[in-house]
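Coordinate inspection notes
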Amino acid sequence: MANISTNLCVVKNKIDAAARKSGRTGEDVTLVVVTKTRSVEEIREAIAAGAVDIGENYVQEAEDKFAEIGEEEVKWHLIGHLQRNKVRHAVEVFSVIHSIDSEELAREIGKRSEAIGKLMDVLVEVKVSGEATKFGVDPKDTLSLVDKISSISGIRVCGLMGMAPAVASPEEARPYFSEIKKLWAKLPEEQRLYLSMGMTSDYEVAVEEGSNMVRIGTAIFGPRG
Ligand SMILES: *Cc1c(COP(=O)(O)O)cnc(C)c1O
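I will try to describe carefully the structure that is included in this document. These numbers come from a predicted model, not from an experiment.

Here we come to unusual backbone geometry. Look at Thr37: it is not a glycine, yet its phi comes out positive at around 70°. Taking relative accessible area as the criterion, Thr37 reaches 53% and is therefore assigned exposed.

As structure tokens, then:
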């Protein structure tokens, strides 16, 4: 098994170094530890090593892990695509949903969150990479979607999430991150809490470009089986 605690430390140091290049520190960047396909034991090891934000892609998988781990020590982030028929379950587990790509989805999340007395933090997912990623909204439609969903009760719009396409080097991801950052900068101040971008292959570049929330799995746990 990978040395989760050492890896976590290495990643945090790299985040700090990248943040300093953009006039910030590692303290300004939230590390979401991505645990899809990882066992409860591995997740517990990461938590013991200081992980507080946990990212999962699938509602059912997260529910199973949530049932064992709970939410006293950690906060659960949904980073994968969310289908409307899974929203009722999703709002029970997650505190942040990164993958809003329609008004209908936002309304459903608002309704279901309100029903259980929760205010859900949500991010709008921007699709900057054309065909490379399936989900998310077009950059040109992003600000109007944010505006449309801002008044929905039960949710709080907290920023944007985005992914760069798979490119040969992290440097090639830079223009995508800078495009998302520019959109984010146009949001009203109270919605500029999180700019979620950067994964194992490109998080340092993402942080240099202004990301304040990275989602990292492989660099912490090793390759997924
Ligand atoms: C799997 C996943 C990650 C983490 O990917 P790694 O390459 O393992 O760091 C981040 N964001 C999303 C949306 C993912 O699906």
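Read on for the rest.
Turning our eyes to something else, we now look at the pairing of strand 8 (residues 213–216). Judged by which residues are buried, strand 8 turns out to be covered on both faces: Met213 and Arg215 on one side and Val214 and Ile216 on the other are all buried. Sheet topology note: the strand 1 (residues 30–34)/strand 8 ladder contains four bridges and is parallel. Considered in strand 8, the bridge of Val33 is made with Ile216.

On to the site of the ligand, then. As a matter of local geometry, the ligand sits amid Val34, Lys36, Asn57, Ile79, Met163, Met199, Thr200, Arg215, Ile216, Gly217, Thr218 and Arg224. Between the ligand and Gly217, the relevant distance is 2.9 Å, taken from an oxygen atom to a main-chain nitrogen or oxygen of the residue. The protein chains hide 90% of the 390 Å² of surface that the ligand would expose on its own. Split by residue class, the shell around the ligand holds five nonpolar, four polar and three charged.

This paragraph deals with helix 5 (residues 103–115). Helix length check: helix 5 (13 residues) gives 18 Å between terminal C-alpha atoms against 18 Å at 1.5 Å per residue, within 8%. Where helix 5 is concerned, the buried positions are Leu105, Ala106, Glu108, Ile109, Gly110 and Ser113. Buried residues along helix 5 sit against helix 4 (87–93), strand 4 (96–100), strand 5 (120–126), helix 6 (139–149) and strand 6 (155–162). Where helix 5 terminates, the next one or two residues include Gly117, which has phi positive at roughly 70°.

On to the packing of aromatic side chains, then. Taken as a whole, this structure holds one aromatic pair when the rule is applied. For the pair Phe66 and Trp76, a centre-to-centre distance of 6.0 Å together with 70° between the ring planes defines the contact as edge-to-face. Placement of Phe66 in helix 3 (residues 59–69) and of Trp76 in strand 3 (residues 75–78) is noted, with a sequence separation of 10 residues between them. Judged by its relative accessible area of 0%, Trp76 is buried.

The next thing to look at is helix 7 (residues 174–184). Burial in helix 7 covers these residues: Phe177, Ser178, Ile180, Leu183 and Trp184. Along its buried surface, helix 7 packs onto strand 5, helix 6, strand 6, strand 7 (194–197) and helix 8 (203–208).

Looking now at the environment of Ile100. In this structure, Ile100 sits in strand 4. You can call Ile100 buried: its relative accessible area is 0%. For the pair formed by Ile100 and Leu123, sequence separation is 23 residues and the distance between their alpha carbons is 6.1 Å. Apart from the residues lying within four places of it in its own chain, the contact partners of Ile100 are Leu105, Ala106, Ile109, Val122, Leu123, Val124, Glu125 and Ile149.

Let us now look at the environment of Ala166. Relative to the helices and strands, Ala166 is located in the loop between strand 6 and helix 7. Given a relative accessible area of 85%, Ala166 falls into the exposed group. Each C-alpha atom, one on Ala166 and one on Thr218, is 15 Å from the other, the two residues being 52 residues apart in sequence.

Here helix 5 crosses helix 6 at 30°, and the two axes come no closer than 10 Å. Relative to helix 6, the element helix 5 lies roughly parallel. As helix 5 runs across helix 6, the sense of the crossing is right-handed. Residues Glu103, Ala106 and Arg107 of helix 5 lie in contact with helix 6, whose contacting residues are Leu145, Lys148 and Ile149. Grouping the constituent residues of the contact of helix 5 with helix 6 by class yields three nonpolar, no polar and three charged.

Quick notes on the rules
- Residues numbered from 1 in each chain as written.
- Predicted model: local features only at pLDDT ≥ 70, side-chain atom pairs only at ≥ 80, totals over all residues.
- Heavy atoms only, no water.
- Buried < 20%, exposed > 50% of the residue type's maximum accessible area, 1.4 Å probe, protein only.
- Helix = DSSP H or I, 4+ residues; strand = E, 2+ residues; numbered from the N terminus.
- Pairing = 2+ DSSP bridges.
- Near = heavy atom within 4 Å.
- Polar contact = N/O pair within 3.5 Å; in protein donor to acceptor, adjacent residues only side chain to side chain.
- Areas by Shrake-Rupley, 256 points an atom, 1.4 Å probe, with all protein chains shown as cover.
- Nonpolar A, V, L, I, M, F, W, Y, C, P; charged D, E, K, R; others polar.
- Expected span 1.5 Å × (residues − 1).
- Contact = heavy atoms within 4.5 Å.
- Phe/Tyr/Trp six-rings, centres within 6.5 Å; stacked < 30°, edge-to-face > 60°.
- Axes fitted to C-alpha atoms, helices over the stretch in contact; angles between N-to-C directions.
- Parallel < 35°, antiparallel > 145°, perpendicular 65-115°, else oblique.
- Left-handed = near helix turned anticlockwise from the far one by under 90°.

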